[in-house]
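Examination of the molecular architecture
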Amino acid sequence: TRHATQGKEIFNYNNHPFSGKCKNGRFALAHNGVLSNDKELKIKYSLPETKIETDSYIAVQLLKFKRKLNVKNLKFMAEQVKGSFAFTVLDENNILRFVRGDSPLSLFHFPDEKIYVYASTESILYKGLVNTDLFDNVITGNFEKIKIDSGEILSIYTDGNITRDKF
C-alpha cells in the first residue's frame, strides 16, 4: 500500500511499481521513503517531463538516463537522490535488487519454498504473513531473516546466489 506524499494515488500512473526500460531490458521499481531533490535532478540531468507526479519516479528516470540497469548505475542513482529511501528493482531476468538508504527494510527468505518476502518493517511483514501458508514456517522458525544495511545494494539471483555491494 502506498502512503502518498506526492501525486494523487487515485491516478494509477502515480502508484508503484514503476516500469522502466534500459538497453539491457525492462525493470520495475518501488520505493519506500520520501525524496527531496527530484525536481533539482530533473533539471540537472535534463530529464523529460512526465505525467507521473511522485518523487519516487526520479529513480526510474536516473536509471534510464544511465541507459543500463546494473549495480554501478544503481549506485549512481542512490548517490544522487536525497531523502529517505529503500528501493526494490526487479529486472526482466528476475534479478531482485534492494537499494537501502535509511528507510526501514525487512527481508525474509523461506528456503523450502524458494520465496523471499519483504516489507518496510518486521511487524508489517509478520502481519502480512499471518493468513498465509508461510506463517507456519514463521511459527516454527523455518525461515531466514536477511539483513540489509543502510548504504547497501543486495542482489538476489534466480539460482539463489546473493551479492552485496556498497554505495
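The preceding data block contains the structure.
One structure accompanies this document, and this report is about it. Predicted model only: the values in this text are computed from it and were never measured.

Read across the open sheet, the six strands follow the order 1-2-3-4-8-9; overall the sheet is antiparallel. The sheet terminates laterally at strand 1 (18-22) and strand 9 (162-166), the two strands that pair on one side only. Between one strand axis and the next, the sheet turns by 20° as a mean value, whatever way the strands run. Most of the contacts of helix 2 (residues 57-66) go to strand 1, to which it runs at about 10°, and overall it touches strand 1, strand 2 (25-35) and strand 3 (83-91).

What tends to happen in soluble globular proteins is that the nonpolar side chains get buried as a cluster. In this structure, Phe27, Leu29, Leu62, Leu74, Val81 and Phe87 are the most contacted members of the largest nonpolar core, which totals 27 residues. Here this core gets six residues from one element, more than from any other, and that element is helix 2.

For His109, the position within the fold is in strand 5 (residues 106-110). With residues up to four places along the chain from it excluded, the contact list for His109 reads Ile115, Tyr116, Phe143, Glu144 and Ile146.

Turning to the layout of surface pockets, a few remarks are in order. Size it by volume and the second largest pocket reaches roughly 330 Å³. As for the second largest pocket, its lining consists of 13 residues, of which Lys114, Tyr116, Ile156, Tyr157 and Thr158 are closest to the centre. Of all the elements, strand 6 (residues 115-119) adds the most residues to the lining of the second largest pocket, at three residues. Its residues assigned to classes, the lining of the second largest pocket shows seven nonpolar, four polar and two charged.

In this section: the packing of helix 2 against helix 3 (residues 71-80). Between helix 2 and helix 3, the least distance of the axes is 9 Å, while the angle of their chain directions is 135°. Classified by the angle between their axes, helix 2 and helix 3 sit oblique to one another. Helix-helix and strand crossings are classified by hand; for helix 2 and helix 3 the assignment is right-handed. Touching Ala59, Leu62, Leu63, Phe65 and Lys66 of helix 2 are Asn73, Leu74, Phe76, Met77 and Gln80, all from helix 3. Per-class residue counts for the contact of helix 2 with helix 3 are seven nonpolar, two polar and one charged.

Rules used throughout
Residues numbered from 1 in each chain as written. Predicted model: local features only at pLDDT ≥ 70, side-chain atom pairs only at ≥ 80, totals over all residues. Heavy atoms only, no water. Pairing = 2+ DSSP bridges. Helix = DSSP H or I, 4+ residues; strand = E, 2+ residues; numbered from the N terminus. Axes fitted to C-alpha atoms, helices over the stretch in contact; angles between N-to-C directions. Contact = heavy atoms within 4.5 Å. Core = buried A, V, L, I, M, F, W, Y, C linked by side-chain atoms within 4.5 Å. Buried < 20%, exposed > 50% of the residue type's maximum accessible area, 1.4 Å probe, protein only. 1 Å grid on protein atoms, 1.4 Å probe; cavity = no way out; pocket = protein on both sides within 12 Å on 5 of 7 lines; lining within 4 Å. Points joined across faces, edges and corners; volume = space filled by probe spheres on them. Nonpolar A, V, L, I, M, F, W, Y, C, P; charged D, E, K, R; others polar. Parallel < 35°, antiparallel > 145°, perpendicular 65-115°, else oblique. Left-handed = near helix turned anticlockwise from the far one by under 90°.

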